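Working through the structure, step by step
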Amino acid sequence: MTFGLQLFQFILSGLTTGSTYALIAIGFSLIHNATGIVNFAQGEFVMLGGMFMITFHSLLKLPMLPSFFLTVLSVAAIGLLLEFGPIRRAKSKEILILVMITIGASISIKGLSMILFGKNPMTLPPFSGETPLILFGAAIMPQSIWIFGITVSIVLALNYFLKKTTTGKAMRAVAASRRSAMLTGIPVDRMILLSFTFSGALGAVAGMIITPITTTSYDVGAILGLKGFSAAILGGYGSMPGAVIGGLLLGVFESLGAGLISSEYKDAVAFLILLTILFLKPSGIMGKGRLRRV
Amino acid sequence: MLKLKNIDAFFGKTQVLRHVTLHVEAGEIVSLIGANGSGKTTLLNVISGLHPSRNGSRVFLNVETRGMKPEKIVALGILQVPEAEKVFNPLTLLENLELGAYLRRPDRVKLAEEMEKVFQLFPILRERKDQPAGTLSGGERQMLALGKALMGQPKLLMLDEPSLGLAPTVVSEIFHIVRSLNDRGITILLVEQNAKEALRISHRTYVLDTGRIVLSGSGQELLNNDEVKRAFLGKDYRGKWER
């Protein structure tokens, strides 16, 4: 295999995992925009996505499509409950306290999952076979095409929702100014609930599409969450296009790092990028840097 | 229309409003003047449901509004144009206006008609309708904020320092608009640091000092009140305080 072809192969596989990071990063951004907090349970949503899909599809033998939607609904419901329960009922609404609550939720979800699903790594069959397609001499797994396709559709649908529907515009309004949104009559609580629900659904999808490639176990949430978080920072925290660009770039860097240096350092690459961005341009690629009034 | 009785409000343990009692009748322009930190903005936020009040009652159109969420209060017809964060900067003008009608969710045709009315009132906004609100000048932003509030079909419109930071010509334009809105039947509660102008256009005025209502009366009465002249009309009335 020529070096050029190898590079092409790495980039393709990087874009595949990068798509999942993008979905996770969007989940982070949605919640951040509505509430200003970092949801550390985001990675657990991804883990739950894989686990529920395995439960519905592999254990309960439900067909692929119903399992897919049941999983999305279940994890979305968990996102909703996280907001409706502990977050909403917290006595103090301080950011740090709310972030601590999400960390607590993350630990609880991980613990419960260990008891429910056991400690063994599990996997899902790919959505449609394992015969690789050959594109310009590089091999692409059909699952990668599913991952791209699903990610692109979700990004487009979400973009349509946020730009064209009144509820979507109201969500952006809450992100722009919570105070002004309240004074306009927008039910801010409901928008926050919606952002948690969406983040749950996005996490579920990310978990389902990546599990056939990477396998899953009860403890993958933390690392996936951190990857998505790094992607969000890289792209500019809170920015939707930033989340997509950050996710894809992170995936590619990681894959190049693994392929050209050593796969042992795959995770280190993500954190090296995170640190570099924090040192050099903390607002990220699409970040504007906060304007201050003098 | 709006009756506040013995309202107390706190920031932590600091009391910022003390037994505030005031009323606004339908069709009036009532202004609220007072030094920085006297509690004017807090009072508006209490009325809007953004800041909790203790004790007393807040009745609007015979409905007690204590403990209501802000969106419920907006639904009753009380709209506030705050001093800061008046509009949604990243959203376009059209989106801002559309969200102004969020609670009523008018259909497309009705929405377009209502926006047309706003554009007739503020023609400059039409030219910029697809721009993000953050790119507007201060005066245009104030107009958009007024337009957005009008989309909510307010019964009581509360304006927090609408003239702050605007050029003098724009200020008089804004006051002119406030008056014409009042002529159309919208009741107005105006908080102003520009006391002279506020006294001139309002039917009645309350003076707030460290969280208390210390004076009230018609604009004309207060314009002639020595205390008001000394405290708020300052330099134009040098003789009064250099006695």
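What comes next is a walk through the structure. On a predicted model such as this, the values are computed, not experimentally measured, just so you know.

1. Looking at the overall build of chain B
Along chain B, the regular secondary structure elements total 11 helices and 10 strands. A compact globule built from 243 residues would reach a C-alpha radius of gyration of about 18 Å, and chain B, at 18 Å, matches this within 12%. Considered along the principal axes of its C-alpha atoms, chain B spans approximately 60 × 40 × 30 Å. Buried positions account for 51% of the 243 residues belonging to chain B.

2. As for the sheet that holds strand β5 (residues 63-64) of chain B
Residues and elements named next belong to chain B. On the basis of which strands lie adjacent, the open sheet formed by four strands has the order β2-β1-β4-β5 and antiparallel pairing. Edge positions in the open sheet fall to β2 (14-24) and β5, since each of these has one partner strand only. Looking at chain direction, strand β1 (residues 2-11) and strand β4 (residues 57-60) are connected through four bridges and run antiparallel. Bridged to Lys3 within β4 is Val59. Its contacts with the sheet put helix α1 (residues 40-48) on β1, β2 and β4, and the angle it makes with β1 is roughly 115°.

3. Overview of the packing of aromatic side chains
What characterises a pair of aromatic rings is the spacing of the ring centres plus the angle enclosed by the ring planes. Counted under the stated rule, the structure contains nine aromatic pairs over all chains. Relative to A:Phe69, the ring of A:Phe68 lies with its centre 5.5 Å away and its plane at 80°, an arrangement referred to as edge-to-face. Residue A:Phe68 is classed as buried on the basis of its relative accessible area, which comes to 14%. Taking relative accessible area as the criterion, A:Phe69 reaches 48% and is therefore assigned partly exposed. Put simply, the rings of A:Phe28, A:Phe40, A:Phe229 and A:Tyr237 pair up and form one aromatic cluster. The ring of A:Phe84 carries the charged tip of A:Arg89 above its face, separated from the ring centre by 4.8 Å. Over the ring of B:Tyr102 we find B:Arg105; its NZ or CZ atom is 4.6 Å from the centre of that ring.

4. Re the nonpolar core
Within the largest apolar cluster, 78 residues are counted, with the highest numbers of intra-cluster contacts made by A:Phe68, A:Ile186, A:Val205 and B:Leu99. Looking at which element gives the most residues to this core, the answer is helix α8 (residues 188-214) of chain A, with 12 residues. Excluding residues within four positions of it along the chain, B:Leu99 makes contact with A:Thr166, A:Lys169, A:Ala170, A:Ala173, A:Thr184, A:Ile186, B:Phe88 and B:Leu91. Membership of the second largest hydrophobic core comes to 45 residues, among which are B:Val118, B:Met143, B:Val171 and B:Leu181.

5. Description of the interface of chain A and chain B
The interface of chain A with chain B comprises 21 residues on the first partner and 25 residues on the second. Across the chain A to chain B interface the summed buried area is about 2,100 Å²; carbon plus sulfur atoms make up 57%. Looking only at chain A, the three residues that lose the most surface to chain B are A:Arg179, A:Leu183 and A:Thr184, adding up to 32% of its buried area. For the pair chain A and chain B, the interface holds three salt bridges. With a shortest N-O distance of 3.2 Å, B:Lys69 and A:Asp189 are connected by a salt bridge. Viewed at the interface, chain B and chain A are joined by eight residue pairs in polar contact (both at pLDDT 80 or more). Sort the elements by how many residues they give to the side of chain A that touches chain B and helix α6 (residues 166-176) of chain A lands first, with seven residues. Split by residue class, the side of chain A that touches chain B holds nine nonpolar, six polar and six charged.

6. A look at the sheet that holds strand β8 (residues 187-192) of chain B
Pairing between the strands of a sheet comes from backbone hydrogen bonds, and it takes one of two forms, parallel or antiparallel. Residue and element names in this part refer to chain B. Spatially, β6-β7-β8-β3-β9-β10 is the arrangement adopted by the six strands of the open sheet, whose pairing is mixed. Unpaired on one side and paired on the other, β6 (78-81) and β10 (212-218) mark the two borders of the sheet. In this sheet, adjacent strand axes meet at a mean angle of 15° when their direction is disregarded. Here strand β9 (residues 204-209) runs beside β10; their pairing, made up of six bridges, is antiparallel. Bridging across to β10, Leu208 finds its partner in Ile213. Each of β3 (29-33), β6, β7 (156-160), β8 and β9 is contacted by α1, which is oriented at about 150° to β7, the strand it contacts most. Where helix α6 (residues 138-151) meets the sheet, its contacts fall on β6 and β7, and the angle it forms with β6 comes to roughly 170°.

7. A short note on the side chain of A:Ser19
Residues and elements named next belong to chain A. Inspection of the secondary structure puts Ser19 in helix α1 (residues 3-35). Relative accessible area serves as the criterion here: at 2%, Ser19 is assigned to the buried category. Excluding residues within four positions of it along the chain, Ser19 makes contact with Ile147, Phe148, Thr151 and Leu248.

8. Observations concerning the pairing of β7(B)
All names here are of chain B. A large share of β7 lies buried, amounting to five of its five residues. Along β7, one buried face is formed by Leu156, Met158 and Asp160 and the opposite face, lined by Leu157 and Leu159, is buried too. With four bridges connecting them, β6 and β7 associate as parallel partners. Pairing of Ile78 across the sheet is with Leu156, part of β7. Tracing the backbone out of β7, into helix α7 (residues 168-183) and back to the parallel element β8 gives a crossover that is right-handed.

9. What to know about the pattern of salt bridges
Going through the model one piece at a time under the given rule, you end up with 15 salt bridges over all chains. Notably, a salt bridge pairs B:Lys110 with B:Glu114, separated by 3.2 Å at the nearest N-O pair. One end of the pair is B:Lys110 and the other is B:Glu114, both in helix α4 (residues 108-121) and four residues apart, which spans about a single turn. A residue is classified by how much of its surface remains accessible, and B:Lys110, at 39% relative accessible area, is partly exposed. Among the charged side chains, a network of salt bridges with common partners joins A:Lys227, A:Glu254, A:Lys266 and A:Asp267.

10. Structural notes on the side chain of B:Lys148
Among the secondary structure elements, B:Lys148 is positioned in helix α6. Nearest to the buried, unbridged B:Lys148 among oppositely charged side chains is B:Glu85, at 9.9 Å. Among all residues touching B:Lys148, those that are not within four sequence positions of it are A:Ser180, A:Thr184, B:Lys86, B:Val87, B:Phe88, B:Asn96, B:Leu97 and B:Gly100.

11. Describing the environment of A:Ala25
Residues and elements named next belong to chain A. Structurally, the position occupied by Ala25 is in helix α1. Judged by relative accessible area, which is 0%, Ala25 ranks as buried. Along the sequence, Ala25 and Ala231 sit 206 residues apart, while their C-alpha atoms lie 6.0 Å from each other.

Conventions we followed
Residues numbered from 1 in each chain as written. Chains lettered and ligands numbered in written order. Predicted model: local features only at pLDDT ≥ 70, side-chain atom pairs only at ≥ 80, totals over all residues. Heavy atoms only, no water. Helix = DSSP H or I, 4+ residues; strand = E, 2+ residues; numbered from the N terminus. Rg over C-alpha atoms; globule rule 2.2 N^0.38 Å. Buried < 20%, exposed > 50% of the residue type's maximum accessible area, 1.4 Å probe, protein only. Pairing = 2+ DSSP bridges. Contact = heavy atoms within 4.5 Å. Axes fitted to C-alpha atoms, helices over the stretch in contact; angles between N-to-C directions. Phe/Tyr/Trp six-rings, centres within 6.5 Å; stacked < 30°, edge-to-face > 60°. Lys NZ or Arg CZ within 6 Å of the ring centre and 35° of its normal. Core = buried A, V, L, I, M, F, W, Y, C linked by side-chain atoms within 4.5 Å. Buried area = accessible area lost by both parts, 1.4 Å probe. Salt bridge = Lys/Arg side-chain N within 4 Å of Asp/Glu carboxyl O. Polar contact = N/O pair within 3.5 Å; in protein donor to acceptor, adjacent residues only side chain to side chain. Nonpolar A, V, L, I, M, F, W, Y, C, P; charged D, E, K, R; others polar. Right-handed = clockwise from strand over helix to strand, strands pointing away. Lys, Arg positive; Asp, Glu negative; His and termini not counted.

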